[in-house]
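# Examining the three-dimensional arrangement
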Amino acid sequence: MGRTGVLLLNLGGPEQIDDVRPFLFNLFSDPEIIRLPFPWLQKPLAWLISSLRSKKSQENYLAIGGGSPLRQVTEAQAVALQEHLKEKGEPVGIYIGMRYWHPFTEEAIAKIKRDRIDNLVILPLYPQFSISTSGSSFRLLEKLWQEDPSLNRINYTVIRSWYEQPGYLQAMAQLIAQELDRFSNPDEVTIFFSAHGVPVSYVEEAGDPYQKEIEECTDLIMQTLNRPNPHVLAYQSRVGPVEWLKPYTEDAIQELAAEGVNNLLVVPISFVSEHIETLQEIDIEYREIAEEAGIHNFRRVPALNTHPVFIEALANLVVGALNSPRVMLSEVTQMKKKVKMYPQERWEWGLTPSAEVWNGRLAMLGLIALLIELISGHGPLHLVGLL
């Protein structure tokens, strides 16, 4: 059978304050998410915006202890997964490939080559697929395979998304039930699913299945939970000159408060690890919005992290992938069309101060648009609150 490995994919995050600026530079340098009309602008813009954004970003990371815990959590998940797979008779090596910070995906591939892995399962730590998360990592891996013929000896397979996995749904339901029971009146609590937003154009033009998978995932979790609680789904971390998926989390919270809701349990449905979007955006920003609107019983379901039922679910995904037909990177990286992300007409800029991973990708659009206008001589765009 040869040596078997599992490559866990994630975005990464700055581990200390000094990491914030280079992390943002790496983030803004991603040509797969923001496709510029002039490729030579990519790195200069990345340098400029990471410089402008770094101070505010550092403040956000200081609010959660000075850095992202994402690497530590992912490494703990890797250890737990390796132990579970060993118990199932599947001794494997686990590798972590982050998109924008150490250990980078390229570093993980170098280790996989060094260890002479023969069979590889590529497993993104995103339950739902989006072209801006799993898709970006898949496209990078496809590029690495194209550039390095020696990788072709590796018999790899890709897990595209896994939001329907029963163990994952059960783990989510258990965490929700645990938090519900902390309220004095559990059945009256509104369960508020908050997912990362994506531009509407990703869904309607590029064919991104993210919204569909999020909605289906929400329904499946509620079915697994089997509680009578009302629930809503909204999208957080919107920014930029394009329309994003609605309803927006901050608006939905205020609408629920106006309807008299006073008990709210937030479920971060896009995340399996604690990081800045859960610890800062939800726990600090959205909590403040809720309390100001009159919702005083505000709780959040913790991320899955190393929940044993969740780790067992990941192990089952790996075993299933090893015993199923191979899925190639070329099968999971196709978009219906390339979406032009830079605006050509007037727009207004909306920006939340956190969620650097997602906001950062769109934050550069303001400067891109401005430079395009200046270069083309069409005049300035209407920018409100840029950066």
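Presented here is an overview of the structure given in this document. (Residues numbered from 1 in each chain as written. Predicted model: local features only at pLDDT ≥ 70, side-chain atom pairs only at ≥ 80, totals over all residues. Heavy atoms only, no water.)

## Structural notes on the nonpolar core
Ranked by internal contacts, the top residues of the largest apolar core, which has 81 residues, are Val6, Leu7, Ile122, Tyr168 and Ile176. The biggest single contributor to this core is helix H6 (residues 166-180), with 9 residues. Not counting the four nearest positions on each side in its chain, Leu7 is found in contact with Tyr95, Ile96, Gly97, Ala108, Ile109, Ile112, Leu120, Val121, Ile122, Leu123 and Leu141. (Core = buried A, V, L, I, M, F, W, Y, C linked by side-chain atoms within 4.5 Å. Buried < 20%, exposed > 50% of the residue type's maximum accessible area, 1.4 Å probe, protein only. Helix = DSSP H or I, 4+ residues; strand = E, 2+ residues; numbered from the N terminus. Contact = heavy atoms within 4.5 Å.)

## Section: the environment of Glu215
Tracing the chain through its elements places Glu215 in helix H8 (residues 210-225). Residue class for Glu215 comes out partly exposed when judged on its relative accessible area of 37%. Taking the C-alpha atoms as reference points, Glu215 and Ala234, separated by 19 residues in sequence, lie 9.9 Å from one another. The residues contacting Glu215, other than those within four sequence positions of it, are Leu233 and Tyr235.

## Digging into the packing of helix H9 (residues 249-258) against helix H10 (residues 276-293)
For the pair H9 and H10, interaxial distance at closest approach is 9 Å and the crossing angle is 25°. With respect to H10, the element H9 is oriented roughly parallel. For H9 against H10, the interelement crossing comes out right-handed. Residues Thr249, Glu250, Ile253, Gln254 and Ala257 of H9 lie in contact with H10, whose contacting residues are Tyr286, Ile289, Ala290 and Ala293. (Axes fitted to C-alpha atoms, helices over the stretch in contact; angles between N-to-C directions. Parallel < 35°, antiparallel > 145°, perpendicular 65-115°, else oblique. Left-handed = near helix turned anticlockwise from the far one by under 90°.)

## Notes on the pairing of strand S8 (residues 297-300)
The side chains of a regular strand alternate, residue by residue, between the two faces of the sheet. Residues Phe298 and Arg300 of S8 are buried on one face, while the alternating residues Asn297 and Arg299, pointing to the opposite face, are not. Summarising the sheet, strand S7 (residues 263-268) and S8 pair through 4 bridges and their orientation is parallel. Directly across from Val266, in S8, lies its bridge partner Arg300. Between S7 and its parallel partner S8, the chain crosses via H10, and the hand of that crossover is right-handed. (Pairing = 2+ DSSP bridges. Right-handed = clockwise from strand over helix to strand, strands pointing away.)

## Looking at the packing of aromatic side chains
Counted according to the given criterion, the structure contains 5 aromatic pairs. Judged by centre distance (6.2 Å) and plane angle (70°), the ring pair of Trp101 and Phe104 falls under edge-to-face. Both residues of the pair, Trp101 and Phe104, count as buried. Between Trp162 and Phe310, the aromatic rings sit 6.0 Å apart at their centres with planes inclined by 35°, giving tilted as the arrangement. Separated by 148 residues along the polypeptide, Trp162 in the loop between strand S4 (155-158) and H6 and Phe310 in helix H11 (residues 308-322) bring together distant segments of the chain. (Phe/Tyr/Trp six-rings, centres within 6.5 Å; stacked < 30°, edge-to-face > 60°.)

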